[in-house]
Amino acid sequence: AQERPDVDRIQHPGRAEGDRDLKFHEFIAVRRAVEATPDSPQRRILSDLVGTISAFAEGSADVRVPKLIAYAQLLEHDARYEPAADVYLTVIELATDRELLPLCYQRAGVCLRRLGALDRSAELYQAGLAVASENGDQFWLLKFRISRALLEFHKGDLPEAERQLDSIIADADSQGSP
């Protein structure tokens, strides 16, 4: 049967060229799969996310990002680091609010560090540090520097981790931070 684009597809205006549109029956299958899962915090967040995507596809305001962040945090809390990192990385692609990006870069980096993907984690910390610097966000600048020091610790380079942490403490003291 020939598809009717206005009924059988959900259009995504920000989709990268070459990606296919989500078919309506695929979306319904996802909705039904979520509804079939036992009641839990994951089901509630996924159900909210499915509703949000549906509303967005119909032209409502985009509120996917906060729902995705909540889902990523829940996955991370449950030590499901690979899917959590994937969701954080999805938020990085979707987010239009640059203030949310440092959180996502940092948490994705932590998840990947816990999975042993130390090089990828370092790349995310560096990208997040650049965004925090562009935003002028001192809190996230400090947080990324600490994350990078902890990464050195996990790599087994204790002298470098200690040197970085001492530098962070000295800089915080000179800025009057508690």
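Everything below is about the structure shown above.
So, here is what we can say about the structure in this document. Just so we're clear, the structure is a prediction, and the values are computed from it rather than from any experiment.

Rules and cut-offs
- Residues numbered from 1 in each chain as written.
- Predicted model: local features only at pLDDT ≥ 70, side-chain atom pairs only at ≥ 80, totals over all residues.
- Heavy atoms only, no water.
- Helix = DSSP H or I, 4+ residues; strand = E, 2+ residues; numbered from the N terminus.
- Buried < 20%, exposed > 50% of the residue type's maximum accessible area, 1.4 Å probe, protein only.
- Contact = heavy atoms within 4.5 Å.
- Areas by Shrake-Rupley, 256 points an atom, 1.4 Å probe, with all protein chains shown as cover.
- Core = buried A, V, L, I, M, F, W, Y, C linked by side-chain atoms within 4.5 Å.
- Salt bridge = Lys/Arg side-chain N within 4 Å of Asp/Glu carboxyl O.
- Patch = residues over 30% accessible without salt bridge, like charges linked within 9 Å, V, L, I, M, F, W, Y side chains within 5 Å.

1. Points about the overall build of the protein
Part 1: Helix and strand content of the protein: 9 helices and 2 strands.
Part 2: Helices (α) and strands (β) of the protein occur, in sequence order from the N terminus, as α-β-β-α-α-α-α-α-α-α-α.
Part 3: The burial tally for the protein puts 34% of its 178 residues in the buried class.
Part 4: Taking as baseline every contact in the protein between residues at least 6 positions apart, the subset at least 24 positions apart corresponds to 38%.
Part 5: When the accessible surface of the protein is split by element, carbon and sulfur atoms take 52% of a total near 10,800 Å².

2. Observations concerning the nonpolar core
Part 1: One finds Tyr88, Val91, Tyr105 and Phe144 to be the most contacted residues of the largest nonpolar core, which totals 34 residues.
Part 2: Once residues within four sequence positions are removed from consideration, valine 91 is found in contact with Val65, Leu68, Ile69 and Cys104.

3. A closer look at the pattern of salt bridges
Part 1: Counted according to the given criterion, the structure contains 8 salt bridges.
Part 2: In this structure, the salt-bridge partner of arginine 145 is aspartate 171, at a minimum N-O distance of 2.9 Å. A residue pair is termed long-range when its members are at least 10 positions apart, and arginine 145 in helix α8 (residues 138-155) and aspartate 171 in helix α9 (residues 158-174) qualify at 26 residues.
Part 3: Aspartate 171 gets classed as partly exposed once you look at its relative accessible area, which sits at 29%.
Part 4: Put simply, glutamate 152 and lysine 155 hold a salt bridge, and the shortest N to O gap is 3.9 Å. With glutamate 152 and lysine 155 both in helix α8, this residue pair falls 3 residues apart, about one helical turn.
Part 5: A residue is classified by how much of its surface remains accessible, and glutamate 152, at 16% relative accessible area, is buried.
Part 6: Here lysine 155 falls in the partly exposed class, since its relative accessible area comes to 41%.
Part 7: Linked by salt bridges that have partners in common, Glu76, Arg107 and Arg114 make up one network.

4. What to know about a nonpolar patch on the surface
Part 1: Together, Leu142, Ile146, Leu150 and Leu165 give the surface a local cluster of nonpolar side chains, amounting to about 260 Å² of exposed area.
Part 2: Element by element, the count of residues in the nonpolar patch is highest for α8, at 3 residues.
Part 3: Note that leucine 142 resides in helix α8.

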